[in-house]
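Reading the structure
Residue-level listing of the chains:
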Amino acid sequence: MHQLPDAAPPPVPPQVIRKAIAASAVGNATEWYDYGVYAATATYLTQAFFPGSLGAIGTMLGFAISFVLRPLGGFVWGPLGDRVGRKHVLAITILLIALATSLIGVLPTHAVAGVWAPIMLIALRVIQGFSTGGEYGGAATFMAEYSPDTKRGRFGSFLEFGTLAGFASGTALVLLLNLALDDDQMYSWGWRIPFLLALPLGLVGLYLRSQLEDSPVFSEVEEHLSEEVSISNTAKLKQTVVEYWQPIAIMFGMVVALNVANYTLLAFQPEYLKNTIGLSEDSGSIVVLIGQVAMMALIPFFGRWSDRTGRKPMWWASLIGLFALSLPMYWLMGQGFGWAIVGFVVLGVLYIPQLATISATFPAMFPTHVRYAGFAISYNMSTALFGGTAPLVNEAVVSTTGWNLFPAVYLMGACLIGMVALAFLRETAGCSLRGTAIPGEDPHDAENLADLAGLAGR
């Protein structure tokens, strides 16, 4: 039995923590900038790539298809990040995401390339999804491991601040272009500009990540395991799924609620407000942008709050609130522009307790040596099945049945699944992430490494 040193490693200097936060948040912002731009330019993308009978359904399919390879990305990047380190994998994923997003801006349209245009668009979305399969779990793990145990909620919330900043930036940029350019210019070439700007954003994130070492928590375990344990990616994956299926299942259910809310409110909402409620393109973008700014302003406070109250109370309040108010708020959004702002902001604020605590909650469900893999596998499988498909499902049902309140009911069903999973979650606020035991499982386990021979042989 190998043990970690009795004394914890020296505290990470505040400036290093700030760099780790910035490196993680900018990478996450790059990922979500893509989603924000794609959602905000959906009308232009439909005209450029899906002018036929598919229409908006084709554009939503292009959004959903990027999630098909997210689980595969998690299976590849997650175990790799647990073997070679978080830093190296995150450098690759952010570069792939930025390249795939920027290349959308130079694709030929359907009028030029025919059926090859949507095929190329979908191919780039698949690359983006595969890369995201390793980006998000790695960034959350990286930030959680760098954060002090008693401030993990506070610091971790800035990763989701990056999420909203990226999404809001994409939405705001498209809105500004709509105001500066006429319709012909936007449909002709204006929609390309936001995609092209993803590359410099990604390069900034890559630079920030290159300035950091791997987290002290990972380096501490790696030092004890690297010389005696050699385990393949496949074996690492099998070990993670077989031995940690319970936290994987719990996270899966929680992510159903998290991401149905996320992709319904942030990705599908602009199209919903335009096609279903009848708001103009700019008015729909303004509604979403106001909601995103309000969420950004509140997210650090909810993250800090979770350090005092725990993660579970935050999630219970969010899930119950969304379940109770989704129908009333969606009805309210149908009453006009002003009421749409009120309804969207209310739902966004109710969603924040979940979003603010992702980086504090999910990495703490796994021990260090499988943390990246466990997070990436569970999160991406759930996201692929229920999160990324949410805009497609909502669009298909609303357009075929005319039932404008379906997104609210869909969100309520996801919240019920999340509540069932949340009941089995162990509270880990303040627990150490050190060692190869599940945080919070046993107060003594966090100081011990697993038996190396047994770890290698299982």
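Residues numbered from 1 in each chain as written. Predicted model: local features only at pLDDT ≥ 70, side-chain atom pairs only at ≥ 80, totals over all residues. Heavy atoms only, no water.

What follows is about helix α17 (residues 337-355). The terminal C-alpha atoms of α17, which comprises 19 residues, lie 26 Å apart, in line with the 27 Å expected from a rise of 1.5 Å per residue. Within the sequence span of α17, burial applies to A340, I341, G343, F344, L347, G348, L350, Y351, I352, P353, Q354 and L355. On its buried side, α17 packs onto α8 (152-180), α14 (245-275), α15 (281-309), α16 (311-333) and α18 (358-361). (Helix = DSSP H or I, 4+ residues; strand = E, 2+ residues; numbered from the N terminus. Expected span 1.5 Å × (residues − 1). Buried < 20%, exposed > 50% of the residue type's maximum accessible area, 1.4 Å probe, protein only. Contact = heavy atoms within 4.5 Å.)

Next up on the list: the packing of aromatic side chains. By the definition in use, this model includes 22 aromatic pairs. Here the aromatic rings of Y44 and Y187 are separated by 4.8 Å at their centres, their planes lie at 70°, and the arrangement is edge-to-face. Of this pair, Y44 sits in helix α2 (residues 42-49) while Y187 sits in helix α9 (residues 183-190), and the two are 143 residues apart along the sequence. What makes Y187 partly exposed here is its relative accessible area of 34%. An aromatic cluster is present here, built from Y136, W315, F362, F375 and Y379 joined pairwise through their rings. Taking NZ or CZ as reference, R125 lies 4.3 Å from the ring centre of Y38, over its face. (Phe/Tyr/Trp six-rings, centres within 6.5 Å; stacked < 30°, edge-to-face > 60°. Lys NZ or Arg CZ within 6 Å of the ring centre and 35° of its normal.)

Core analysis: the biggest nonpolar cluster contains 111 residues, and F49 and F362 have the highest contact counts within it. Leaving out residues up to four positions away in the same chain, F362 has contacts with M251, M254, V255, L258, W315, F375 and Y379. (Core = buried A, V, L, I, M, F, W, Y, C linked by side-chain atoms within 4.5 Å.)

For the rest of this paragraph, the subject is the confidence of the model for the protein chain. Per-residue confidence for the protein chain averages 84 on the pLDDT scale, and 91% of its residues sit at or above 70. Predicted confidence for residues 443-458 stays below pLDDT 50, and this span has 35 contacts to residues more than four positions away or in other chains. (pLDDT = per-residue confidence, 0-100.)

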